[in-house]
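# Structural characterization, general
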2 protein chains.
Amino acid sequence: MSLETVSENRSFGGTQGVYRHKSQATGTDMTFAVYLPPAAEDGLVPVLWYLSGLTCTHENAMTKAGAQQWAAESGIGLIFPDTSPRGEGVPDDDAYDLGQGAGFYVDATQDPWKKNFQMWHYVTHELPELVFDNFQLDREAQGITGHSMGGHGALTIAMTFPDRYRSVSAFAPIANPSQSDWGRKQLTAYLGGDESAWAAHDSTLLMREKGYKGEILIDQGTDDQFLELLKPEALAQAMVARRQPGMFRMQPGYDHSYFFVQSFMGEHVLWHAERLY
Amino acid sequence: MSLETVSENRSFGGTQGVYRHKSQATGTDMTFAVYLPPAAEDGLVPVLWYLSGLTCTHENAMTKAGAQQWAAESGIGLIFPDTSPRGEGVPDDDAYDLGQGAGFYVDATQDPWKKNFQMWHYVTHELPELVFDNFQLDREAQGITGHSMGGHGALTIAMTFPDRYRSVSAFAPIANPSQSDWGRKQLTAYLGGDESAWAAHDSTLLMREKGYKGEILIDQGTDDQFLELLKPEALAQAMVARRQPGMFRMQPGYDHSYFFVQSFMGEHVLWHAERLY
């Protein structure tokens, strides 16, 4: 697979790159970002996947989450995928929370979405092949995190592939989408009305069913303007009921913005680094 | 003067706010951002002014420079002014480097700019009065920094008011605008063709004439795509010729982007904190 370099910038002694490739999964060009820390000059480094939220591209977290500083310090690579296929000919919806920018990290089975919206396969199979073939990143040392819709993606992916993702965390994840307006609409559109197909994409249901073999770190702001849609209490209850190792932290005064993500990014990167090195 | 709160977000235990007010200096509404660290809950804190570059608003550095983390840690407030007046009825130019977004931190004396483009007075007099009246910031402990056009502003302002700004630094400043296409056009437009009026707004000329009473910290990327316009060598030469205390650091591989600014922001904030506390 060929890879086009969109940009590369020096950042904290490493390189923040943006790349484009033709995706077979989505049938479109896809753009993603990779941060390589200075340690990548000497060999493979562990890698942390960061999945973004609704309306985001690869760029939001790359410019606003402040992760590079910590990745440089702890010798961790970062990957920032896009949140959906894009472009002319790709289906979309007028709502910000469906279609382009809102792939929800599932493989759509329904028209008109199924032709392009294969974000689960893209993030868990196609993009990993590409990045491990092209960058100094260690496929044996992967962690995953994300914000909001991306926190949903990180948790569901890690619980599905626990042997592949050795660490997982999330910032204000959409925690129980099958019971939320951030979920029911999208899962119906992408996967159809049979709710049994949704269970693989609901962190709370996955937590009840099987949990995660390692520790989980979740941060959630108490002043998040989307608490009713995120439903953190459902996941927190499932974690405690299961005795899931890890931490669910309510952070006083924080909202849903990148100011929140940035404030705790250092702790998340270090959390992953401890488990990946 | 009345102050409208546009937004407030929790950030690293402090508050990142955005505010709007009617400016007498510019005759327009002006928007600016203030970060208050946790220490501001207990009393006045020192403050670092951050002046932004061409095309920026108050928002770019607030979201991308990564300064809040360090400001929180060292107990420093941050102020991010806009780079020009804006809005309908305010003169503008098709070029990105003249008019709105490109105030150059001067008080225009020429038509059509002089009615609104009074950014020197705004940043050094009107906005300070407003922020020191309204926030827990210590007017006796001010430092100033900036990027590109904002580095130009920071250096010229600090050398003009050395008793007011106890510390100064800059990221890739426009260092010799009277000899650059980033400068000659704008100084002609705003101040007229008599170059003697420009001298107060050229860091290299001010350095030759009087320097700065404290130490100066300047970072400049070696791979900056605008080196020909920034003219760092002119300022570096003037600093050494004058035996100006401080550091002019060429940072290998860095360009002009916020990835560069972010990479050294921690050192700059700590540099100011050492001199303000």
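Under an unreviewed UniProt entry, the name given to chain A is S-formylglutathione hydrolase, and the organism recorded is Paracoccus pacificus. According to UniProt, the comment filed for chain A under the heading Catalytic activity (unreviewed entry) is "S-formylglutathione + H2O = formate + glutathione + H(+)". Under the Function (unreviewed entry) heading, UniProt states for chain A: "Serine hydrolase involved in the detoxification of formaldehyde."

## Description of the relation of the copies chain B and chain A
Here chain B sits on chain A after a turn of 180° about the axis and a move of 0.0 Å along it, with an RMSD of 0.0 Å. Such a combination of rotation and displacement between the chain copies is what one expects of a two-fold axis. It is lysine 64 of chain B whose C-alpha, among those of chain B, lies nearest the rotation axis, at 2.7 Å.

## Section: helix α3 (residues 119–134) of chain B
Each α-helix winds once per 3.6 residues, and so residues spaced three or four apart point in a common direction. Its axis deflected by about 40° at leucine 127 of chain B, α3 of chain B carries its strongest bend there, up to four residues before the proline proline 128 of chain B. Inspection of α3 of chain B places Met119, Trp120, Tyr122, Val123, Thr124, Glu126, Leu127, Pro128, Leu130, Val131 and Phe132 of chain B among the buried residues, and these make up the whole buried set.

## Remarks on the packing of aromatic side chains
All names here are of chain A. A full pass over the atoms with the stated rule returns 24 aromatic pairs over all chains. Between tyrosine 50 and phenylalanine 80, the ring centres sit 5.9 Å apart and the planes meet at 55°, which makes this aromatic pair tilted. Of the two residues, tyrosine 50 sits in strand β4 (residues 45–51) while phenylalanine 80 sits in strand β5 (residues 77–80), which places them 30 residues apart along the sequence. The interplanar angle of 85° and the centroid separation of 6.2 Å between the aromatic rings of phenylalanine 171 and phenylalanine 260 together place this pair among those described as edge-to-face. Taken together, the residues span a long stretch of sequence, with phenylalanine 171 in strand β7 (residues 165–171) and phenylalanine 260 in helix α9 (residues 258–276) at a distance of 89 residues.

## Some words on the sheet that holds strand β9 (residues 246–251) of chain B
Residues and elements named next belong to chain B. An order of β1-β2-β3-β5-β4-β6-β7-β8-β9 is seen for the nine strands of this open sheet, with the pairing classed as mixed. With one partner strand each, in any of the chains shown, β1 (4–11) and β9 form the two edges of the open sheet. Averaged over neighbouring strand pairs, the angle between their axes works out to 20° when direction is ignored. The sheet contact formed by β1 and strand β2 (residues 14–22) spans seven bridges and is antiparallel. Bridged to glutamate 8 within β2 is glycine 17.

Procedures and definitions
Residues numbered from 1 in each chain as written. Chains lettered and ligands numbered in written order. Predicted model: local features only at pLDDT ≥ 70, side-chain atom pairs only at ≥ 80, totals over all residues. Heavy atoms only, no water. UniProt positions renumbered as here; feature names shortened; annotations may be inferred. Least-squares fit on C-alpha atoms with pLDDT ≥ 70 in both. Bend = angle between axes of the 7 residues up to and from the residue. Helix = DSSP H or I, 4+ residues; strand = E, 2+ residues; numbered from the N terminus. Buried < 20%, exposed > 50% of the residue type's maximum accessible area, 1.4 Å probe, protein only. Phe/Tyr/Trp six-rings, centres within 6.5 Å; stacked < 30°, edge-to-face > 60°. Pairing = 2+ DSSP bridges. Axes fitted to C-alpha atoms, helices over the stretch in contact; angles between N-to-C directions.

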